[in-house]
Amino acid sequence: MEDKQSYWQENLRLIFICLAIWFVVSFGFGLLLVEPLNAIRLGGYKLGFWFAQQGSIYTFVGLIFWYGKKMNDLDKKYNVEDS
Amino acid sequence: MDELKLYTWIAVGGTFSLYFFIAWWARAGSTSEFYAAGGGITPLQNGMAIGADWMSAASFISMAGLIAFLGYGGSVFLMGWTGGYVLLALCLAPYMRKHGKFTVPEFIGDRYYSKAARIVAVVCLIIASLTYIIGQMKGVGVAFSRFLEVEYDMGLYIGMFVVFVYATLGGMKGITYTQIAQYVVLITAYTIPAVFISLQLTGNPIPQLGLGSTLADGSGVYLLDKLDTVVSELGFKEYTTSTLGDVEMFAYTLSLMIGTAGLPHVIMRFFTVPSVKAARQSAGYALVFIALLYTVAPAVGAMARFNLMNTIEPAAGQNLEYAERPQWFKEWEKTGLLAFEDKNGDGKVQYTADKATNEMVKVDRDIMVLANPAIANLPNWVIALVAAGGLAAALSTAAGLLLAISSAISHDLMKGVLVPDMDEKTELMASRIVMTISVCVAGYLGLNPPGFAAGTFALAFGLAASSIFPALMMGIFSKKMSSKAAIAGMCSGIGVTMLYVFQHKGIMFIPGTSFLGGMEPNWFFGISPNAFGSVGAFVNFVVAFAMLKVTGPAPSHIQDLVTNFRTPHGEVAGAHNH
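Calculation rules
Residues numbered from 1 in each chain as written. Chains lettered and ligands numbered in written order. Predicted model: local features only at pLDDT ≥ 70, side-chain atom pairs only at ≥ 80, totals over all residues. Helix = DSSP H or I, 4+ residues; strand = E, 2+ residues; numbered from the N terminus. Rg over C-alpha atoms; globule rule 2.2 N^0.38 Å. Buried ≥ 20, exposed ≤ 12 C-beta atoms within 10 Å, placed from the backbone. Contact = placed C-beta atoms within 7 Å. Nonpolar A, V, L, I, M, F, W, Y, C, P; charged D, E, K, R; others polar. Expected span 1.5 Å × (residues − 1). Bend = angle between axes of the 7 residues up to and from the residue. pLDDT = per-residue confidence, 0-100. Axes fitted to C-alpha atoms, helices over the stretch in contact; angles between N-to-C directions. Parallel < 35°, antiparallel > 145°, perpendicular 65-115°, else oblique. Core = buried A, V, L, I, M, F, W, Y, C linked by C-beta atoms within 7 Å. Left-handed = near helix turned anticlockwise from the far one by under 90°.

Asks: What is the right way to look at the overall build of chain B in this model?
Replies: In terms of helices and strands, chain B carries 22 helices and 2 strands. Rg of the C-alpha trace for chain B: 24 Å, near the compact-globule value of 25 Å for 578 residues, within the 12% margin. Taken over the C-alpha atoms alone, chain B extends approximately 80 × 55 × 45 Å along its principal axes. The buried share among the 578 residues of chain B stands at 57%.

Asks: Would you take a moment to explain the overall build of chain A for this structure?
Replies: Secondary structure summary: chain A contains 3 helices and 2 strands in total. Start at the N end of chain A and walk to the C end: the helices and strands fall as α-α-β-β-α. Taking 2.2 N^0.38 as the reference for a compact globule, 83 residues should give roughly 12 Å; the C-alpha atoms of chain A span a radius of gyration of 17 Å, well beyond that estimate. If one aligns the C-alpha atoms of chain A with their principal axes, the spans along those axes are about 50 × 20 × 15 Å. Summarising the internal contacts of chain A: among those between residues at least 6 apart in sequence, 51% fall at separations of at least 24.

Asks: Looking at this model, I keep getting lost on the interface of chain A and chain B. Mind explaining?
Replies: Where interface size is quoted, it is often the accessible area lost as the parts come together. Counting residues at the interface gives 36 residues for chain A and 42 residues for chain B. For the side of chain A that touches chain B, the secondary structure elements donating two or more residues are α1 (2-32), β2 (45-46) and α3 (47-77) of chain A. No other element matches the 16 residues that α3 of chain A contributes to the side of chain A that touches chain B. A breakdown of the residues in the side of chain A that touches chain B according to their chemical character gives 21 nonpolar, 10 polar and 5 charged.

Asks: I would appreciate a short explanation of helix α11 (residues 246-261) of chain B in the present structure.
Replies: Working note: α-helix, 3.6 residues per turn, so residues spaced by three or four point in the same direction. Look at α11 of chain B: 23 Å from first C-alpha to last across 16 residues, which is about the 22 Å you get at 1.5 Å a residue. Most of α11 of chain B is tucked away, with 13 of its 16 residues classed as buried.

Asks: Can you walk me through unusual backbone geometry in this structure?
Replies: Keep in mind that most residues, glycine aside, have a negative phi and that most peptide bonds are trans. The phi torsion at N79 of chain A lies on the positive side, around 55 degrees, for a residue other than glycine. Inspection of the secondary structure puts N79 of chain A in the segment after α3. In this model, Y113 of chain B sits at a positive phi of 35 degrees, which is unusual for a non-glycine residue. Here Y113 of chain B lies in the loop between α6 (104-111) and α7 (115-147).

Asks: Where do I start with the environment of T178 of chain B in this structure?
Replies: Residues and elements named next belong to chain B. Mapped onto the fold, T178 is located in helix α8 (residues 152-202). Assessed through the 29 C-beta atoms surrounding it within 10 Å, T178 is described here as buried. Each C-alpha atom of the pair T178 and F20 lies 8.6 Å from the other, and the pair is 158 residues apart in sequence.

Asks: What should I look at first to understand α3 of chain A in this one?
Replies: A bend of about 50 degrees at Q54 of chain A is the largest found in α3 of chain A. Backbone geometry just after α3 of chain A places N79 of chain A at a positive phi near 55 degrees.

Asks: Teacher, can you tell me more about the confidence of the model for chain A here?
Replies: Any segment with low pLDDT has predicted coordinates that should not be analysed in fine detail. In the predicted model, chain A carries a mean pLDDT of 92, and the fraction of residues at 70 or more is 96%. At the level of individual helices and strands, chain A shows its lowest average pLDDT in strand β1 (residues 41-42) of chain A, which scores 90, and its highest in α3 of chain A, which scores 95.

Asks: Explain the confidence of the model for chain B to me, please; I cannot follow it from the model alone.
Replies: Residue and element names in this part refer to chain B. The predicted model of chain B has a mean per-residue pLDDT of 86, with 93% of residues at 70 or higher. A low-confidence stretch, residues 573-578 (pLDDT under 50), is modelled with 6 contacts involving residues beyond four sequence positions or located in other chains. We note a pTM of 0.90 for the whole complex and an ipTM of 0.95 for its interfaces.

Asks: How should the packing of helix α4 (residues 57-70) of chain B against helix α17 (residues 380-418) of chain B be read in this particular structure?
Replies: A pair of packed helices is captured by two measures, namely the crossing angle of their axes and the spacing between those axes. Residues and elements named next belong to chain B. Running from amino to carboxyl end, α4 crosses α17 at an angle of 125 degrees, the nearest separation of the two axes being 7 Å. Comparing the axis directions of α4 and α17 gives the class oblique. Across the interface between the two elements, A57, S59, F60 and I61 from α4 touch G389, G390, A393 and A394 from α17. Of the residues in the contact of α4 with α17, the class split is 5 nonpolar, 3 polar and no charged.

Asks: Could you clarify how one ought to interpret the nonpolar core in this entry?
Replies: In summary, soluble globular proteins display a tendency toward joint burial of nonpolar side chains. With 222 residues, the main nonpolar core has L186 and L402 of chain B as its most contacted residues. The residues touching L186 of chain B, leaving out its near neighbours within four places in the chain, are A52, M55, F60, G389, A392 and A393 of chain B.

Asks: Would you mind going over the packing of α4 of chain B against helix α14 (residues 297-312) of chain B with me for this structure?
Replies: Residue and element names in this part refer to chain B. Two elements in contact, α4 and α14, have axes separated by 8 Å at closest approach and are oriented at 55 degrees. Relative to α14, α4 is oriented oblique. At the point where α4 passes α14, the crossing takes the right-handed sense. From α4, M63, A64, G65, I67 and A68 reach across to α14, where they touch A297, P298, V300, G301, A302, A304 and R305. Split by residue class, the contact of α4 with α14 holds 9 nonpolar, 2 polar and 1 charged.

Asks: How do you make sense of the environment of V386 of chain B when you look at a structure like this?
Replies: Residue and element names in this part refer to chain B. For V386, the position within the fold is in helix α17. Taking the C-alpha atoms as reference points, V386 and G347, 39 residues apart in sequence, are found 33 Å from one another. Ignoring sequence-local partners within four residues, the contact set of V386 consists of A189, P193, L370 and P373.

Asks: Hey, could you run me through the environment of S407 of chain B in this one?
Replies: All names here are of chain B. Here S407 lies in helix α17. The buried category is assigned to S407, around which 30 C-beta atoms lie within 10 Å. Once residues within four sequence positions are removed from consideration, S407 is found in contact with Y35, F102, T103 and S431.

Right under this line is the structure:
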């Protein structure tokens with residue numbers, strides 16, 4: 001029971017980190033901060049525009065795989081992998 | 001028969017035969033295979049199937065066109081329809097897979113220990129899925145009538161027949177393997193023209209990089225900068241900065257994200273994999289396969305807009321002579337989706353943002369993807385491939401939605417509530433019959449699209465966002481969340497969203513009944529009805545937690561159930577005994 005508690009706490013912490021990044025790249029860089037970021041260029045892209053139409057999506061993909069990997073480690077650590 | 005038509009028949013006929021072969025090969029023998037493909041799909045396969053399930057006629061045909069005309073504002077669709085997968089992968093899919101049931105209403109019914117909650121979920125699911133399916137059926141009809149010059153109705157019947165065969169025979173198992181094939185068809189059909197066009201315009205074959213490159217005409221000017229200049233000279237909003245408004249974009253993106261995470265036909269696909277680990281992984285693969293199309297779409301949109309502007313006005317002041325217009329221009333004029341009116345009588349085409357002088361009186365955004373290969377002078381086999389791809393996108397999504405609807409009726413309503421002692425063989429038969437009826441209803445709606453078809457998009461995402469998503473989140477992350485509180489939350493979330501959509505778009509979308517009018521001044525903080533699902537979700541959460549304080553927490557055996565599905569290890573009591 002103790003173990004399950006701290007397993008869940010660690011999981012929540014991971015989810016929180018991931019969702020913070022998720023929020024920053026899309027709602028942050030892509031929407032709220034788009035104007036200042038557009039002053040910076042990434043080749044032909046304005047940076048804010050790039051985050052809104054490209055960068056956020058790449059980050060989302062990375063986040064899901066990173067979370068999956070961290071959770072596999074966590075499952076092993078607490079010995080709760082599914083049979 | 002001309003060459004293009006021959007190629008198109010080969011592409012469409014070939015892919016359809018493949019779907020039939022898969023249907024025969026993957027027929028279902030049990031309810032577990034019918035609802036969840038026997039739980040034996042690998043994460044990679046599931047990722048591909050989710051990709052096809054998710055990417056509909058709207059993603060394939062309409063999205064790039066929307067982006068082409070909205071520019072930066074189109075980002076809401078790109079971020080909204082991909083960001084939802086992060087929520088699914090982190091917050092929903094693993095726990096729902098661990099619980100180990102077949103349908104979303106079943107999960108809600110178990111978690112909230114209530115048949116009423118299950119029925120509310122079934123109703124939300126059916127409304128959301130049915131409204132969604134109308135668009136797919138129309139897509140099938142349009143693709144057939146445009147590319148094969150078959151009557152719209154006939155095209156629809158052919159599409160219905162194909163879905164009928166593989167969905168009733170194979171259920172989830174047949175649908176999964178067909179969707180894998182359909183994903184390959186649709187992504188090939190989408191990227192090949194994009195690669196060619198990117199190469200032509202920028203010299204870079206990778207569209208995602210081409211969009212950020214300089215033009216290949218030797219001017220050294222970036223494509224996006226040139227596009228900004230061209231459109232703003234004609235009075236349109238600058239491409240890379242044209243916004244829908246700050247609050248609106250925020251609310252719209254959020255609504256699409258949580259709506260995506262709450263759509264039952266997508267969530268269902270996570271029940272097909274063998275483990276929790278595989279559920280997390282398949283969300284990742286799914287987003288990779290979806291991102292392949294979604295990161296190409298902005299390039300397709302911008303390049304299509306660029307080609308269109310460039311065809312009409314190759315250099316400032318040198319407008320296209322109407323008499324010398326290219327072949328694709330004439331073809332699309334025939335469909336009425338492109339229309340020209342020589343207002344100043346000079347025989348040339350002027351395309352501007354000013355309504356008084358603009359002579360391109362109709363440029364339907366849906367033609368951007370379909371006409372793209374022709375505008376860029378690509379060979380006929382590429383155009384044929386686009387037709388097969390559009391059909392694959394529409395059919396795969398329709399099949400997923402039909403399965404969500406028929407399983408909600410046969411498994412949740414019939415087996416779960418009305419006839420609990422139905423044996424497995426009868427249930428399998430019942431689900432096939434319900435599937436058949438669903439195909440007919442979907443076909444009927446496609447043939448006679450209700451007047452409100454255009455507004456239904458808001459309703460499907462609004463319902464998923466304001467009812468299903470919050471109910472699932474609270475069910476997983478709040479152990480104490482009780483049945484009464486959750487039902488109150490769902491009902492008020494849907495209530496607020498429906499009221500807002502109806503008051504601005506008409507009750508059941510009947511024109512004239514919109515008592516506040518569709519007008520922007522009446523919008524709540526400037527949020528459009530399409531973007532209101534996020535507000536509905538917020539209301540749902542607030543009401544549910546307030547009610548929880550009043551009515552007290554869920555019983556302890558339910559709290560144990562939650563504890564149990566939060567860890568991948570071990571069985572949930574009562575799972576897998578269907």
